[in-house]
Amino acid sequence: MTRGVIIVAGGRGVRMGGDLPKQFIPVCGKPVLMHTIETFNRWDAQAKLVVVLPEAHREYWDMLCRELDCRIAHQVVAGGETRFHSVRNGLRQMTDCEIIGVHDGVRPFVSAEVVEACFDMAERRGAVAPVVPVEESIRFCDGRGNHAVNRADYCIVQTPQVFRAEILLDAYNRPYTPDFTDDASVVEASGITVSLVESNRENIKITSPADLAVAEYLIASKRDNS
């Protein structure tokens, strides 16, 4: 089945500090977003890649691609008011794809094995999200108090979240609500059950200076072992 990935890169990087959006921060000589694009190109060079960026960032991204000689084919579309609207904009370029993944632009370390597992299960079951188990103790807090809960009953959701195209397109036809925190929540609201695939622990979302330090280490380690 024809496969495509929407890479959402609309963040402003507030938690990073400074003016440079987090998707453009350089890690080992390349912006985070470029590392992410390369990850999916290594997984499947034939997969269609659509990058969603704020319109104001398009010129800067084009300049980075020229300066760093990025030759990986990808389309760039303008983002929307929220992540929901950005994904919906990206979906307009995916009419020729039968299986569609949606991935955070600042998650460059998802493994090819996890991506393949997500696409394979989505083809069979329709809707998939990668997850990792919770390793620390957690508590439920509701403003009136708190209590311990069993961490085995919970997991941390990552991306790429992958869906058969007709399921994702139908789900994104509904009106936006603040409850839509990711694509799985949008699809689930349309009555579709979301299956889970175990992700790789390195598939972190780079949102803080500490995450950047981890990213530098992971890339340097890969280079040393290659």
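### Examining the packing of helix H1 (residues 32-43) against helix H2 (residues 58-67)
Link 1 in the chain: One way to put it is that H1 packs onto H2 with a least axis distance of 11 Å and a crossing angle of 65°. Classified by the angle between their axes, H1 and H2 sit roughly perpendicular to one another. Once H1 is placed against H2, the crossing between them reads as right-handed. Facing H1, whose interface residues are Leu-33, Met-34 and Ile-37, H2 presents Trp-61, Leu-64 and Cys-65.

### Re the packing of aromatic side chains
Link 1 in the chain: Throughout the structure, instances matching the rule amount to 8 aromatic pairs.
Link 2 in the chain: Between Phe-84 and Tyr-176, the aromatic rings sit 5.4 Å apart at their centres with planes inclined by 50°, giving tilted as the arrangement. Placement of the pair is Phe-84 in helix H3 (residues 83-91) and Tyr-176 in the loop between helix H5 (165-171) and helix H6 (183-189), with a sequence separation of 92 residues.
Link 3 in the chain: Relative accessible area serves as the criterion here: at 3%, Phe-84 is assigned to the buried category.
Link 4 in the chain: Here Phe-84 and Phe-180 contribute two aromatic rings whose centre-to-centre distance is 5.6 Å and whose plane-to-plane angle is 20°, an arrangement assigned as stacked. Linking Phe-84 in helix H3 with Phe-180 in the loop between H5 and H6, this pair joins segments that are 96 residues apart in sequence. Side by side, Phe-84 and Phe-180 carry an identical accessibility label, which is buried.
Link 5 in the chain: Among the aromatic residues, those joined into a ring-pair cluster are Phe-84, Tyr-172, Tyr-176 and Phe-180.

### Topic: the layout of surface pockets
Link 1 in the chain: Reported here for the second largest pocket is a volume of approximately 160 Å³.
Link 2 in the chain: The wall of the second largest pocket is formed by Ala-129, Val-131, Cys-155, Val-157, Asp-182, Ala-184, Ser-185, Glu-188, Val-194 and Leu-196.
Link 3 in the chain: When residues of the lining of the second largest pocket are traced back to their parent elements, those giving at least two are strand E7 (127-133), strand E10 (155-157) and H6.
Link 4 in the chain: Element by element, the count of residues in the lining of the second largest pocket is highest for H6, at 3 residues.

### Focus: the side chain of Asp-211
Link 1 in the chain: Relative to the helices and strands, Asp-211 is located in helix H7 (residues 209-225).
Link 2 in the chain: Separated by 3.0 Å, the side chain of Asp-211 and the backbone nitrogen of Thr-207 make a polar contact.

### A closer look at H7
Link 1 in the chain: Spanning 17 residues, H7 covers 25 Å between terminal C-alpha atoms, matching the ideal 24 Å at 1.5 Å per step.
Link 2 in the chain: Against strand E2 (26-27) and H1 lie the buried residues of H7.

The rules behind each value
- Residues numbered from 1 in each chain as written.
- Predicted model: local features only at pLDDT ≥ 70, side-chain atom pairs only at ≥ 80, totals over all residues.
- Heavy atoms only, no water.
- Axes fitted to C-alpha atoms, helices over the stretch in contact; angles between N-to-C directions.
- Helix = DSSP H or I, 4+ residues; strand = E, 2+ residues; numbered from the N terminus.
- Parallel < 35°, antiparallel > 145°, perpendicular 65-115°, else oblique.
- Left-handed = near helix turned anticlockwise from the far one by under 90°.
- Contact = heavy atoms within 4.5 Å.
- Phe/Tyr/Trp six-rings, centres within 6.5 Å; stacked < 30°, edge-to-face > 60°.
- Buried < 20%, exposed > 50% of the residue type's maximum accessible area, 1.4 Å probe, protein only.
- 1 Å grid on protein atoms, 1.4 Å probe; cavity = no way out; pocket = protein on both sides within 12 Å on 5 of 7 lines; lining within 4 Å.
- Points joined across faces, edges and corners; volume = space filled by probe spheres on them.
- Polar contact = N/O pair within 3.5 Å; in protein donor to acceptor, adjacent residues only side chain to side chain.
- Expected span 1.5 Å × (residues − 1).

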